[in-house]
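# Topology and contacts: notes
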Amino acid sequence: MDEVQGCCVSRRDVLIAGAGTAAAAAAPAADREPAMTMGTIVQLTLEVNGQSHSVDVDTRTTLLDLVREHLHLTGTKKGCDHGQCGACTVLLDGRRINSCLMLAVMAPGAKVTTIEGLGTPQQLHPLQAAFVKHDGYQCGYCTPGQICSAVGMLDELKRGVPSHVTADLAARPLLSADELRERMSGNLCRCGAYSNIAEAITEVGGGAA
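Residues numbered from 1 in each chain as written. Predicted model: local features only at pLDDT ≥ 70, side-chain atom pairs only at ≥ 80, totals over all residues. Heavy atoms only, no water.

Another aspect to go through is the nonpolar core. Ranked by internal contacts, the top residues of the largest apolar core, which has 23 residues, are Leu127, Met153 and Ile201. If you list the elements that add at least two residues to this core, you get helix H3 (126-133), helix H4 (143-158) and helix H6 (194-205). By residue number, the principal contributor to this core is H4, which donates seven residues. Excluding anything up to four places from it in sequence, Leu127 contacts Ile147, Ala150, Val151, Leu154, Ala200, Ile201 and Val204. Ranked by size, the runner-up nonpolar core spans 18 residues in total, among them Leu44, Leu63, Ala107 and Val112. (Core = buried A, V, L, I, M, F, W, Y, C linked by side-chain atoms within 4.5 Å. Buried < 20%, exposed > 50% of the residue type's maximum accessible area, 1.4 Å probe, protein only. Helix = DSSP H or I, 4+ residues; strand = E, 2+ residues; numbered from the N terminus. Contact = heavy atoms within 4.5 Å.)

At 3.6 residues per turn, the α-helix brings residues three or four places apart onto the same side. Among all positions in H3, only Leu127, Gln128, Ala130 and Phe131 are buried. In an axial view of H3, the angular spread of the buried residues amounts to 165°, which keeps them on one side of the axis. Count one or two residues on from H3 and you reach Asp135, which has phi positive near 55°. (Arc of directions from axis to C-beta.)

What follows concerns the packing of H4 against H6. Taken N-terminus to C-terminus, the directions of H4 and H6 make an angle of 40°; their axes are 11 Å apart at the nearest point. Every pair of crossing elements has a handedness; the one defined by H4 and H6 is right-handed. Along its contact with H4, which presents Gln146, Ala150, Met153 and Leu154, the element H6 presents Ile197, Ile201, Val204 and Gly205. (Axes fitted to C-alpha atoms, helices over the stretch in contact; angles between N-to-C directions. Left-handed = near helix turned anticlockwise from the far one by under 90°.)

Let us look at the pairing of strand S2 (residues 51-58). Examined bridge by bridge, strand S1 (residues 41-48) and S2 share eight bridges and lie antiparallel to one another. Within S2, the position partnered with Glu47 by the bridge is Ser52. Linking S1 back to S2 in an antiparallel pair, the connection comprises two residues, with Asn49 at a positive phi of about 55°. (Pairing = 2+ DSSP bridges.)

Should their charged atoms come close, side chains of opposite charge can pair. Across all of its chains, the model carries nine salt bridges by this definition. The shortest N-O distance in the salt bridge between Asp58 and Arg60 comes to 2.8 Å. What makes Asp58 buried here is its relative accessible area of 17%. In this structure, Glu179 and Arg183 form a salt bridge, with 2.8 Å as the shortest nitrogen-oxygen distance. Here Glu179 and its partner Arg183 are both found in helix H5 (residues 177-183), four residues apart, which amounts to about one turn of the helix. A residue is classified by how much of its surface remains accessible, and Arg183, at 7% relative accessible area, is buried. A network of salt bridges, in which partner residues are shared, links Arg96, Glu156, Glu179 and Arg183. (Salt bridge = Lys/Arg side-chain N within 4 Å of Asp/Glu carboxyl O.)

So, in structure tokens, the structure goes:
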């Protein structure tokens, strides 16, 4: 029965009117979408591995994707993309960060160092050479992040920055086995080469691991 008793409007008319209202409500949002997309592109200037770059980038682009997709520096790896594995670690103004968790537009004028900026095949960074010597990698996917994180970690020790396991906050922390494990805990190696990684870092940093 199409007619509602005592009313001149049928169920079919109500459904048609409802569909039309929904379509009308959706139309303004669809009209606005292109303008919003166009408005997300900004120009960003920053220094990567000692070279200045000016790029047009979407404001939603992470620093990791900027480095890999825009600057084609693919040494930095995308692992979990959630800041949990450390494969994307780079140095930002000398401080190690997970580049997958940082928007590129948050680093205007910053100095970024990736694994490509630490050394070359002809002149390796001491940590790169130590990783080779101690076989601190297997598949190698996590290695760039491990090395960048180790560089940042050794600098933290040099500056006297304490960690969660530092017993005496008034004394300069040393590169003990506990300190090394704690400070490198954010960098995962799915191949399990942790003992070799620890030996490589210890040789360069000087400590007992």
